[in-house]
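# Observations on the model geometry
Listed here are the chains, written in short residue letters.
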Amino acid sequence: MSVMTTEGSRTRGAGPPGPLSAWANRHIKWVFTVPALAFTAVMVLFPVIYTVVLSVTDARGSIQRDFSFIGAGNFVEMFTDFPRFWPAVGRTFLFTGGAVLVELVLGLGIALLLRKPFRGQGAVRVVILMPLVATPVAVAMMWLLIFEPTIGFANEFLGWFGISGLGWISDPGQALPTLMFVDIWQWTPMVALILLAGLSTLPEEPEEAAVVDGANAWQRLIHVTLPMLLPAIVAAVLLRSIDALKTFDLLYATKGRGGGSLHEAETLNILAYSLSFEYNDYGMASAVLVVFFLIIVLFSWLLFRISKVGSQQ
Amino acid sequence: MTTTAAEQIVRAPREVIRSSRRRAKTRAEVWRWIAIVVVSLVFLFPLMWMLISAFKTSLDITDPGAMFTFEPTLRNFENVLGRENFLPFIWNSLVVGVVSTGIALVVGVPAAYAMTRFHMNRSSGMLLVARIIPGVSLLVPWYFVFSRMGLVGGYTPLVISHMFVTLPLIAWIMLSFFEGIPAELEEAGRVDGLTNIGVFARIALPLAVPGIATASILAFIFSWNNFLFALVLSGEATRTLPVAIFNFIAYSSIDWGGLMAASVIITLPVMIMALFTQKYIVSGLTAGATKG
């Protein structure tokens, strides 16, 4: 009671609210949100417009130098006469599709494994959380050592089973699959945790009804659990795909600029970075980025549609 | 003894069935445990390997015989902190992380509050753009503007670019947190004569403290881990840890011990922070994705 009175008197003691705070009070909706929205808009809108503008110019060398409009020149050259473009598109999709697919399967398995409570569940959750928060560059360096062909643990491990060692990241032919493996190691826990959260919200009755009907574990999973889990699955795939398409830290930290000597790990993200900050070819880099945007937007839109269809069932 | 012979015949198989079921159940449990241990090992072992290697001499790292049996040494850590002078980089990462998280809290928490209370779905969706857009596409224009303003190499472009990571994250986590605060409490405050801002400052904000704590730690982790923005926008004096780690990769050879010690120094703080917030971390990491 005494707290209430002191609170009240303090408000009164501050005097009548000034015109500014009265105005802020009336327009709290916008006073609170405009700074955040303005910041995000400025940080995104200007760069996106600028990128689209640069993509139809011959901007090279320095952004501050004059550049002239060349129409679709960059795009034509990129599609027809730029040997690094199409392989980069292929690698982007291969890396994303392959890694996310494996992450989904393994993540689902882990989520189902951890679904029923058991002693030490908390500890296991902490363990699978660790790859998620570990600094990606440090993770890349850690795997670089493990996959080092002569001194790394990976080949030592294979040696225990009499299997001869591989080149892993350092071998141009094996680099991309190895790096997909690292992505899978780091991000499968994310898929598992999203699906685990999804599983925990599912009602138990349909599953019990299926047990009564005599469905075995596999039939229950396919016909009862997975359809109900679809929104969580789509969320996990969407989130992981957007991030996997944009993978930069891992590829750059292990293979360097251009994705290695033969560009063996060069995705659209690495290619755009290389064109911008290695060759200072801003026109071409922007053209690559415009295509990259479109892919990401199209992809997000598609998955959103799928999730809508799924939730209407 | 009222059991008939017939009943005894029935009972025996039933017990057999029951015990075989129990055995099948324990067998399934054993397999489940094996799977759990394997999964845990797969995710933990590489990190353990990084930790172990950080305490090895260069000689022991190259020696398969010294894989698990070696004389632990602190020399790598001495090198990282002393010869490679990592302390300024730790300081840079700390400054950028704390300042970008701090400003993002001041801007993001009220924004999330208003977006929740006034159901501004479109506005909150706008923040999602920051999650979807590739960072590389922002760097050339940012670099252009920052260099025009003579800011490249200082803390300002780093803080601003990292705010681009921390602000949407904080806003999204706080959105779901404010949604959980019952509107009745705020109504009661209004009846007592509080203004809109008063309701936010005296009722919603104190109740949101646990959410703010989680959001801050996650935002700091994301800033701490960020590599791309600092790679382009940091200068010699403002380099952050993920960029500085490349000091250990020379053209001819790699100082593996030092590299692993540096990796441990970068990773350990965020892992310890994640331990304290692990309950909320999934919702934070997936912020935005599950809301559509």
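Residues numbered from 1 in each chain as written. Chains lettered and ligands numbered in written order. Predicted model: local features only at pLDDT ≥ 70, side-chain atom pairs only at ≥ 80, totals over all residues. Heavy atoms only, no water.

On to the interface of chain A and chain B, then. Between chain A and chain B, the residue contacts involve 86 residues of the former and 89 residues of the latter. Between chain A and chain B, the buried area comes to about 8000 Å², and carbon and sulfur atoms account for 81% of it. Applying the counting criterion to the chain A and chain B interface returns two salt bridges. Notably, a salt bridge pairs R131 of chain B with D243 of chain A, separated by 3.0 Å at the nearest N-O pair. In terms of residue count, the dominant contributor to the side of chain A that touches chain B is helix α3 (residues 28-55) of chain A (19 residues). Classifying every residue of the side of chain A that touches chain B gives 65 nonpolar, eleven polar and ten charged. (Contact = heavy atoms within 4.5 Å. Buried area = accessible area lost by both parts, 1.4 Å probe. Salt bridge = Lys/Arg side-chain N within 4 Å of Asp/Glu carboxyl O. Helix = DSSP H or I, 4+ residues; strand = E, 2+ residues; numbered from the N terminus. Nonpolar A, V, L, I, M, F, W, Y, C, P; charged D, E, K, R; others polar.)

Attention now goes to the domain arrangement of chain B. All names here are of chain B. Domain assignment breaks chain B into domain 1 (14-55) and domain 2 (80-288). A straight line from the C-alpha centre of domain 1 to that of domain 2 covers 37 Å. With five residues of domain 1 at the interface, the matching set in domain 2 holds seven residues. Both faces considered, domain 1 and domain 2 share a buried interface measuring about 470 Å² in area, 89% of it formed by carbon and sulfur atoms. In this structure, the connection of domain 1 to domain 2 is made through zero salt bridges. Inspection of the domain 1/domain 2 interface yields zero residue pairs in polar contact (both at pLDDT 80 or more). Broken down by class, the residue content of the side of domain 1 that touches domain 2 amounts to four nonpolar, one polar and no charged. (Domains from an automatic or database assignment. Polar contact = N/O pair within 3.5 Å; in protein donor to acceptor, adjacent residues only side chain to side chain.)

Residue and element names in this part refer to chain B. Where helix α10 (residues 196-207) meets helix α11 (residues 209-225), the axes come as close as 4 Å, and the angle between the chain directions of the two elements is 60 degrees. Judged by the inter-axis angle, α10 sits oblique to α11. Taken together, the residues of α11 that come into contact with α10 (itself represented by L205, P206 and L207) are V209, P210 and I212. Its residues placed into classes, the contact of α10 with α11 shows six nonpolar, no polar and no charged. (Axes fitted to C-alpha atoms, helices over the stretch in contact; angles between N-to-C directions. Parallel < 35°, antiparallel > 145°, perpendicular 65-115°, else oblique.)

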